[in-house]
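Close look at the chain arrangement
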Amino acid sequence: MNPAKSSPVQIARRGLMLVISSPSGAGKSTIARTLLEKDRQIGLSVSVTTRQRRPSEIEDVHYHFKSVREFERMRDSDALLEWAEVHGNFYGTPREPVEQAMAEGRDMLFDIDWQGAQQLQEKMSADVVSIFVLPPTMTELQSRLHRRAEDSEEVIQTRLANSRAEIAHWREYDYVIVNDDLNAAFDAVQSIVKAERLRRDRRHGMFDFVRELLEETPSL
Ligand code: ADP
Ligand code: 5GP
């Protein structure tokens, strides 16, 4: 029988794998950071990378920074769920924290590129929800990369040159957001997460709930 209605009904569900990709500078990390601050149900998948740490970045918070040799060791021992070379550096998702989160029904956020998104789609398509973030204009993308002021001019130019090839993958994603106004873009992401958590096929607890609901006979 359903418990008395003193506590809210909780329906068990599978965890979401929320993948956010964009060309560098479009704002995906800003959106991801805001989501992590405001939504305590979602955790970040912290990637390993061989790129140099930016001044604002903290080891093990933004990335696990590794040498190429260490990265290759992880990749070759199957410790990475996916990996890719992006802008001349290696990046990968450690397997273990993701498998643990999924087993416990927790949500995880992945700030990864289109190559990583493709690999997760292939391996775990039922759990992946993917969002591609576009800049409003290429001029604004360039200004954001400069305003961020964390990369050298050479690095910025490489990222801008790669942006068109990255944008070409927009159709592979479930949702596409134009990050013109940051608040509006963030609202859109929150709406997606809220709706995806309510999908019937994710809420396996609904079977028990409906069975108990139908077994209940109101006493009146
Ligand atoms: P990405 O993670 O996609 O490379 P970031 O999140 O680091 O991009 O954003 C790049 C820069 O653009 C940052 O300085 C960020 O504060 C700024 N930014 C992000 N979204 C907006 C927006 N909607 N309007 C103006 N600036 C933005
Ligand atoms: P950045 O150097 O700006 O932090 O990241 C560069 C690009 O690498 C971004 O598109 C980012 O999403 C991507 N990236 C970061 N971590 C991973 C990862 O673990 N796997 C993959 N495939 N891409 C990643």
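Quantities reported herein were computed from a predicted structural model and do not represent experimental measurements.

Topic: the sheet that holds strand 1 (residues 17-21)
In a beta sheet, neighbouring strands are held together by backbone hydrogen bonds and run either parallel or antiparallel to one another. What the five strands build is an open sheet, ordered 2-7-1-8-9; its pairing is parallel. Of all strands in the sheet, those bounded by a partner on one side alone are strand 2 (42-44) and strand 9 (175-178). This sheet shows a mean twist of 25° between the axes of neighbouring strands, independent of strand direction. As paired strands, strand 8 (residues 128-134) and strand 9 are joined by four bridges and run parallel to one another.

A short note on the pairing of strand 7 (residues 107-111)
Among the five residues in strand 7, four count as buried, and that is most of the element. Pairing of strand 1 with strand 7 involves four bridges; the strand directions are parallel. What sits directly across from Met17, in strand 7, is Met108. Note: strand 2 against strand 7, three bridges, orientation parallel. Counted as the bridge partner of Ile42 is Asp107 from strand 7.

Points about the UniProt feature "binding site: ATP" (unreviewed entry) in the chain
Taking the numbering used here, the UniProt-annotated feature "binding site: ATP" (unreviewed entry) corresponds to Ser22, Pro23, Ser24, Gly25, Ala26, Gly27, Lys28 and Ser29. By secondary structure assignment, the location of Pro23 is in the loop between strand 1 and helix 1 (28-38). As for its position among the elements, Gly27 is in the loop between strand 1 and helix 1. A relative accessible area of 15% places Gly27 in the buried class.

Brief notes about a nonpolar patch on the surface
A cluster of nonpolar side chains, contributed by Val210, Leu213 and Leu214, occupies part of the molecular surface with about 280 Å² of accessible area. Accessibility expressed as a relative area gives 40% for Leu213, which makes it partly exposed.

Comments concerning the site of ligand 1
The environment of ligand 1 is made up of 17 residues, and the closest members are Gly25, Ser29, Thr30, Arg148 and Asn179. Note that an oxygen atom of ligand 1 is positioned 3.3 Å from one of the backbone N or O atoms of Ala26. One nitrogen or oxygen atom from the side chain of Ser29 is found 2.6 Å from an oxygen atom belonging to ligand 1. Taking 570 Å² as the accessible area of ligand 1 by itself, protein coverage stands at 79%. Elements represented by at least two residues in the shell around ligand 1 include exactly helix 1 and helix 5 (138-148). When residues in the shell around ligand 1 are grouped by element, the largest group, four residues, is from helix 5.

Comments concerning the site of ligand 2
Ligand 2 sits among 17 residues. The nearest are Ser47, Arg51, Tyr63, Tyr91 and Arg159. Between ligand 2 and Ser47, the relevant distance is 2.7 Å, taken from an oxygen atom to a side-chain nitrogen or oxygen of the residue. The contact in question runs from an oxygen atom of ligand 2 to an N or O atom on the backbone of Ile112, over 3.4 Å. Of the residues that constitute the shell around ligand 2, the class distribution is five nonpolar, five polar and seven charged.

Here's the deal with the nonpolar core
Counting 22 residues, the largest nonpolar core has Leu18, Ile31, Leu35, Leu109, Ile131 and Val189 as the members making the most contacts within it. Listing elements by their share of this core, those giving two or more residues are strand 1, helix 1, strand 8, helix 5, helix 6 (153-167) and helix 7 (182-197). Examining the composition of this core, we find that five residues originate from one element, helix 7, more than from any other. Not counting chain neighbours up to four residues away, the residues in contact with Ile31 comprise Ile20, Val133, Asn179, Leu182, Ala185, Phe186 and Val189. Counting 17 residues, the second largest nonpolar core, distinct from the first, contains Val19, Met102, Val128 and Leu134.

Conventions and cut-offs
- Residues numbered from 1 in each chain as written.
- Chains lettered and ligands numbered in written order.
- Predicted model: local features only at pLDDT ≥ 70, side-chain atom pairs only at ≥ 80, totals over all residues.
- Heavy atoms only, no water.
- Pairing = 2+ DSSP bridges.
- Helix = DSSP H or I, 4+ residues; strand = E, 2+ residues; numbered from the N terminus.
- Axes fitted to C-alpha atoms, helices over the stretch in contact; angles between N-to-C directions.
- Buried < 20%, exposed > 50% of the residue type's maximum accessible area, 1.4 Å probe, protein only.
- UniProt positions renumbered as here; feature names shortened; annotations may be inferred.
- Patch = residues over 30% accessible without salt bridge, like charges linked within 9 Å, V, L, I, M, F, W, Y side chains within 5 Å.
- Areas by Shrake-Rupley, 256 points an atom, 1.4 Å probe, with all protein chains shown as cover.
- Salt bridge = Lys/Arg side-chain N within 4 Å of Asp/Glu carboxyl O.
- Near = heavy atom within 4 Å.
- Polar contact = N/O pair within 3.5 Å; in protein donor to acceptor, adjacent residues only side chain to side chain.
- Nonpolar A, V, L, I, M, F, W, Y, C, P; charged D, E, K, R; others polar.
- Core = buried A, V, L, I, M, F, W, Y, C linked by side-chain atoms within 4.5 Å.
- Contact = heavy atoms within 4.5 Å.

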